[in-house]
Amino acid sequence: MNRVDSQYQDIIHNILEFGEERQDRTGTGTLSFFGGSFRHCMCDGFPVLTTKKMPLKTVATELKWFLKGRTDIQYLWDNNCHIWDGDYKKSGRTDGELGPIYGKQWRDWNGIDQLTELLYTLKENPHGRRHLVNAWNVEDLHLMTLPPCHYGFQCYVSNDNKLSLLWNQRSVDAFLGLPFNISSYGMLLMVLCKETGYEPGNLIGNFGDVHLYKNHLPQAKEIVKRVGYELPTMDITSSDILNGEFEFKLNNYQSHKTLKAKLSN
């Protein structure tokens, strides 16, 4: 089985076997453990689960929204993306805004466009150790509908001109969120490569509180039984990253059927 699905199943196994019961802000309850990681060589294919079908158009829509620096829910609605609907409704806001979340911090952290600076330093100082984009702006946390779960990422250019990306995540909804995050950062890495001319290297994730919501346990037990397929490949056919636009082509994606679960907000 491919290493994306097998690593993911290992994470689910660890939660089911070693996770402790905890209450959470949503009132759903979780099984949780602290500390986890994921590592994938992009040479092995695009990092997407094959043990359940993933909605990559939705993944791309949210990523474009981040890259554009937008924080309004209307863009998501216009593109048939509803993953933020629950958080928006729970916030009680009626202005169509989610607060200064990911896109605002990536593109305008107190006037600093972190994405533009990242592209510049990757090209001009590839071996630098400051290729970071951060979303955990302490000053703005209280204004956000939801503080960042994946709060920052770092890039690294190897001597053979391969670009790797590592992201850090404080809170991980293992059944619904983690597969989405893996593919989103894999997609971001490929878009960055398209813009900079580097080849994709490794995709790495570091996780804090990794949990399964109790109403996801049946689906989690089902997914660990499944045997994954060979990973697909992906081509970024066009990219204008600073305007938050790119197009992709997914090749030979074969997967098991969708496993639906309720998102806890």
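Worth saying up front: this structure is predicted, and the values here are computed from it rather than measured.

Procedures and definitions
- Residues numbered from 1 in each chain as written.
- Predicted model: local features only at pLDDT ≥ 70, side-chain atom pairs only at ≥ 80, totals over all residues.
- Heavy atoms only, no water.
- Phe/Tyr/Trp six-rings, centres within 6.5 Å; stacked < 30°, edge-to-face > 60°.
- Helix = DSSP H or I, 4+ residues; strand = E, 2+ residues; numbered from the N terminus.
- Buried < 20%, exposed > 50% of the residue type's maximum accessible area, 1.4 Å probe, protein only.
- Lys NZ or Arg CZ within 6 Å of the ring centre and 35° of its normal.
- Polar contact = N/O pair within 3.5 Å; in protein donor to acceptor, adjacent residues only side chain to side chain.
- Pairing = 2+ DSSP bridges.
- Axes fitted to C-alpha atoms, helices over the stretch in contact; angles between N-to-C directions.
- Parallel < 35°, antiparallel > 145°, perpendicular 65-115°, else oblique.
- Left-handed = near helix turned anticlockwise from the far one by under 90°.
- Contact = heavy atoms within 4.5 Å.
- Disulfide = S-S within 2.5 Å.

Colleague: Explain the packing of aromatic side chains to me, using residue names and the numbers behind them.
Modeller: Applying the stated criterion across every chain, the model contains 12 aromatic pairs. The interplanar angle of 55° and the centroid separation of 5.8 Å between the aromatic rings of Trp 167 and Phe 207 together place this pair among those described as tilted. Taken together, the residues Trp 167 in strand β5 (residues 162–173) and Phe 207 in strand β6 (residues 199–213) connect sequence positions 40 residues apart. Across this residue pair, the class does not change: Trp 167 and Phe 207 are buried. Ring pairing ties together the aromatic residues Phe 38, Trp 65, Phe 66, Trp 84, Tyr 102, Trp 106, Phe 153, Trp 167, Tyr 185 and Phe 207, which thus form one cluster. Residue placement shows Lys 52 over the ring face of Phe 175; its charged tip is 3.8 Å from the ring centre. One Lys or Arg, Lys 64, reaches over the ring of Phe 246 and ends 5.2 Å from the middle of that ring.

Colleague: Explain the side chain of Ser 6 residue by residue, including any values.
Modeller: Following the sequence through the fold, Ser 6 ends up in helix α1 (residues 3–18). Engagement of the side chain of Ser 6 in a polar contact is seen with the backbone oxygen of Arg 3, the distance being 3.3 Å.

Colleague: Please provide a residue-by-residue account of the environment of Gly 96, values included.
Modeller: Mapped onto the secondary structure, Gly 96 falls in the loop between α4 (85–91) and α5 (102–107). Gly 96 sits in the buried class, given a relative accessible area of 18%. It is 6.7 Å that separates the C-alpha atoms of Gly 96 and Gln 74, two residues lying 22 residues apart in sequence.

Colleague: Quick one: what's the story with the environment of Lys 57, residue by residue and with numbers?
Modeller: Residue position: Lys 57 is located in helix α2 (residues 56–68). For the pair Lys 57 and Asn 79, spaced 22 residues apart in the sequence, the C-alpha separation amounts to 9.3 Å.

Colleague: How would you explain unusual backbone geometry if you had to name every residue and give the values?
Modeller: Unlike most non-glycine residues, Asn 161 shows phi in positive territory, near 60°. Relative to the helices and strands, Asn 161 is located in the loop between β4 (150–157) and β5. When its relative accessible area of 46% is taken as the criterion, Asn 161 is described as partly exposed. Not every positive phi belongs to a glycine, and Asn 252 is a case in point at roughly 60°.

Colleague: Can you explain the pairing of strand β7 (residues 233–240)? Please cite residues and give values.
Modeller: The pairing of β7 with strand β8 (residues 245–251) spans 7 bridges and is antiparallel. When the bridges of β8 are listed, Ser 238 appears paired with Glu 247. Between β7 and β8, which follow one another and run antiparallel, lie 4 residues, and Gly 244 among them has a positive phi close to 70°.

Colleague: Tell me about the packing of α2 against helix α7 (residues 177–196), and please be specific about residues and values.
Modeller: Contact geometry of α2 with α7 gives a least axis separation of 10 Å together with a crossing angle of 60°. Here α7 runs oblique to α2, going by the angle between their axes. Considering how the two elements wind past one another, α2 and α7 form a crossing that is right-handed. Between α2 and α7, the contacting residues are Leu 56, Thr 58, Val 59, Ala 60, Glu 62, Leu 63 and Leu 67 on the first element and Phe 180, Ser 183, Ser 184, Met 187 and Leu 188 on the second.

Colleague: Hey, could you go over the packing of helix α6 (residues 114–124) against α7 for me, with residue numbers and the actual values?
Modeller: At their nearest, the axes of α6 and α7 sit 11 Å apart, and the two run at 60° to each other. The angle between the axes of α6 and α7 places the two elements in the oblique class. Our pair here, α6 against α7, has a crossing hand that is right-handed. Contacts between α6 and α7 pair Leu 118, Leu 119, Leu 122 and Lys 123 from the former with Leu 192, Glu 195 and Thr 196 from the latter.

Colleague: How would you explain the environment of Leu 259 if you had to name every residue and give the values?
Modeller: Along the chain, Leu 259 turns up in the segment after β8. Remark: the alpha-carbon pair of Leu 259 and Glu 222, spanning 37 residues in sequence, is separated by 8.8 Å. Those residues in contact with Leu 259 that sit more than four places away from it in its chain are Lys 52, Phe 175, Gln 219, Glu 222, Ile 223 and Arg 226.

Colleague: For the state of the cysteines, give the residues involved together with the corresponding values.
Modeller: Counted according to the given criterion, the structure contains 1 disulfide. Residue Cys 41 pairs covalently with Cys 43 via a disulfide, S to S 2.3 Å. Between Cys 41 and Cys 43, the S-S torsion sits near 125°, and that sign places the bridge as right-handed. With a relative accessible area of 26%, Cys 41 lands in the partly exposed category. Cysteine Cys 149 is unpaired, with the sulfur of Cys 81 as its nearest cysteine sulfur at 15 Å.

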